[in-house]
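Listed below, chain by chain, are the residues.
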Amino acid sequence: MSLLTLDAVDAYYGESHILRDLSLSVEEGEICALLGRNGAGKTTTLRSIAGATPPDVRNGTVSFKATDITGDPAEDVAARGISLVPEERRVFPDLTVEENLKLPEVARNASNRWGREVATEREGMSMDDVYDYFPRLNERQNQMAGTLSGGEQQMLAIGRALRQPTDLLLLDEPYEGLAPQIIQTVEAAVERIRDDGKTILLVEQNAIAASKIADRAYVIDQGEVVFSGTGEELIADEETRQRYLGV
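Here the structure is a predicted model, which is why all the values come from computation and not from measurement.

Colleague: Explain the packing of aromatic side chains to me, please; I cannot follow it from the model alone.
Modeller: Any pair of aromatic rings gets described here by the distance separating the centres and the angle formed by the planes. Under the counting rule described, the total for this entry stands at zero aromatic pairs. The aromatic ring of Tyr12 is capped on one face by Arg58, whose charged end is 4.0 Å from the ring centroid.

Here's what the structure looks like:
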């Protein structure tokens, strides 16, 4: 069953046409990889789903749980169960690990006090569950986030996203700048998150690593889908990998 569907989406930054008639779907309970070179439109796709501005979706529809969410503001999209982990992590460096993880709850409470109901009846993942996924964060609960390594900050960013009620987790370049050993740690956590019932849309430059854990994969080029298939099929398709991914 498709949890997320993009149907013939055209998205723009100003007058720059970035996504061109882009269609894809993400099935419930899978890891779906979205791959392509720099500038192919991967981050624009995630931002179009998450309700971020820009881009401006002028044509097509974004549907989540069979509901049209095209153009909905980011806070409403998040309340529906879509959590975005942006590129470069964007943790709060002057807050501790624990304080960063408490921010989604603080934001929901503040929104309710100001008269905007963005909370859902469901709760996000507990602190203990986040620490179970990422034991290193448990060891560094009281450490300032800005002093963490890049890999630890990525774990924190994912954990913070999961503290929101999440059905679909959007990961933008989670392996960027990480050592191979840390990539393996993050990979294992992502697979476990999928196995525990979350759906994941993963954007990555490291196409081979992403394909290894992906149930399905899309490759986009200049805002258009040029390949769709399983992760194994993409790994086996040397012509597509070399032409569109350079690997």
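So, next bit.
Colleague: Help me understand the sheet that holds strand S1 (residues 2-13) in this model?
Modeller: As a general point, the strands of a sheet are linked pairwise by backbone hydrogen bonds and lie either parallel or antiparallel. With antiparallel pairing, four strands are arranged side by side in an open sheet as S2-S1-S4-S5. Looking at the sheet topology across the chains shown, the edges are occupied by strand S2 (16-27) and strand S5 (67-68). Looking at chain direction, S1 and strand S4 (residues 56-64) are connected through seven bridges and run antiparallel. Paired with Asp7 across the strands is Thr61, a residue of S4. Packed onto the sheet, helix H1 (residues 42-50) meets S1, S2 and S4 and runs at close to 110° relative to S1.

Colleague: When you look at the side chain of Ser63 in this model, what are you seeing that I'm missing?
Modeller: Considering the arrangement of structural elements, one finds Ser63 in strand S4. The contact partners of Ser63, leaving out residues within four places of it in the chain, are Leu3, Leu4, Thr5, Asp68 and Ile69.

Colleague: Can you help me understand the packing of helix H6 (residues 150-162) against helix H7 (residues 180-195) in this one?
Modeller: Helix-helix packing is described using two parameters, namely the angle between the two axes and the distance between the axes. In contact at an axis separation of 10 Å, H6 and H7 are set at 15° when each is read in the N-to-C sense. Taken together, the axis directions place H6 and H7 in an arrangement best described as roughly parallel. In the packing of H6 onto H7, the handedness of the crossing is right-handed. Between H6, through Gly151, Met155, Ile158 and Leu162, and H7, the contact on the second element is made entirely by Ile182, Thr185, Val186 and Ile193. Of the residues that constitute the contact of H6 with H7, the class distribution is six nonpolar, two polar and no charged.

Colleague: How should I be thinking about the pattern of salt bridges in this particular structure?
Modeller: Tallied over the full model, the rule gives 13 salt bridges. Note that Glu30 and Arg216 form a salt bridge whose closest N and O atoms lie 2.7 Å from each other. Of this pair, Glu30 sits in the loop between S2 and strand S3 (31-35) while Arg216 sits in strand S9 (residues 216-221); the two residues are 186 residues apart in sequence, bridging distant segments of the chain. Each member of the pair, Glu30 as well as Arg216, is classed as buried. Within this structure, Arg136, Glu139, Arg140 and Glu152 form a network of salt bridges that share partners.

Colleague: Even after reading the chapter, I still don't get the sheet that holds strand S8 (residues 199-204), so can you show me in this structure?
Modeller: The sheet built from six strands is open, its strands ordered S6-S7-S8-S3-S9-S10 with mixed pairing. Each end of this open sheet is capped by a strand with a single partner; those strands are strand S6 (82-85) and strand S10 (224-230). On average, adjacent strands in this sheet sit at an angle of 15° to one another, irrespective of strand direction. Relative to S9, S3 is paired through four bridges, and the arrangement is parallel. Within the sheet, the bridge partner assigned to Leu34 lies in S9 and is Tyr218. The sheet strands contacting H1 are S3, S6, strand S7 (168-172), S8 and S9, and the helix crosses S7 at an angle near 150°. Packing of H6 onto the sheet brings it into contact with S6 and S7, and relative to S6 it is tilted by some 165°.

Colleague: Mind showing me how you'd approach H6 here?
Modeller: Every α-helix winds through 3.6 residues per turn, so residues three or four apart in the chain are directed the same way. Across its 13 residues, H6 extends 19 Å between first and last C-alpha, which sits within 8% of the 18 Å expected from 1.5 Å per residue. H6 sits mainly inside the fold: twelve of its 13 residues count as buried. Considered for burial, the residues of H6 that qualify are Gly151, Glu152, Gln153, Gln154, Met155, Leu156, Ala157, Ile158, Gly159, Arg160, Ala161 and Leu162.

Colleague: When you look at the pairing of S4 in this model, what are you seeing that I'm missing?
Modeller: The two faces of the sheet receive side chains in turn, since in a regular strand these alternate between them. In this structure, S4 lies alongside S5, joined through two bridges in antiparallel fashion. Paired with Phe64 across the two strands is Thr67, which belongs to S5. The antiparallel hairpin formed by S4 and S5 contains two residues in its connecting segment, where Lys65 sits at a positive phi of about 55°.

Colleague: What am I meant to see in the layout of surface pockets here?
Modeller: Where empty space is left in the structure can be found by rolling a water-sized probe over the atoms. What the second largest pocket holds in volume is close to 150 Å³. As for the second largest pocket, its lining consists of Ile18, Asn38, Gly39, Ala40, Gly41, Lys42, Thr43, Thr44, Glu87, Glu173, Glu176 and Gln205. With three residues, the single largest contributor to the lining of the second largest pocket is H1. Among the residues forming the lining of the second largest pocket, the class breakdown is two nonpolar, six polar and four charged.

Criteria and thresholds
Residues numbered from 1 in each chain as written. Predicted model: local features only at pLDDT ≥ 70, side-chain atom pairs only at ≥ 80, totals over all residues. Heavy atoms only, no water. Phe/Tyr/Trp six-rings, centres within 6.5 Å; stacked < 30°, edge-to-face > 60°. Lys NZ or Arg CZ within 6 Å of the ring centre and 35° of its normal. Pairing = 2+ DSSP bridges. Helix = DSSP H or I, 4+ residues; strand = E, 2+ residues; numbered from the N terminus. Contact = heavy atoms within 4.5 Å. Axes fitted to C-alpha atoms, helices over the stretch in contact; angles between N-to-C directions. Parallel < 35°, antiparallel > 145°, perpendicular 65-115°, else oblique. Left-handed = near helix turned anticlockwise from the far one by under 90°. Nonpolar A, V, L, I, M, F, W, Y, C, P; charged D, E, K, R; others polar. Salt bridge = Lys/Arg side-chain N within 4 Å of Asp/Glu carboxyl O. Buried < 20%, exposed > 50% of the residue type's maximum accessible area, 1.4 Å probe, protein only. Expected span 1.5 Å × (residues − 1). 1 Å grid on protein atoms, 1.4 Å probe; cavity = no way out; pocket = protein on both sides within 12 Å on 5 of 7 lines; lining within 4 Å. Points joined across faces, edges and corners; volume = space filled by probe spheres on them.

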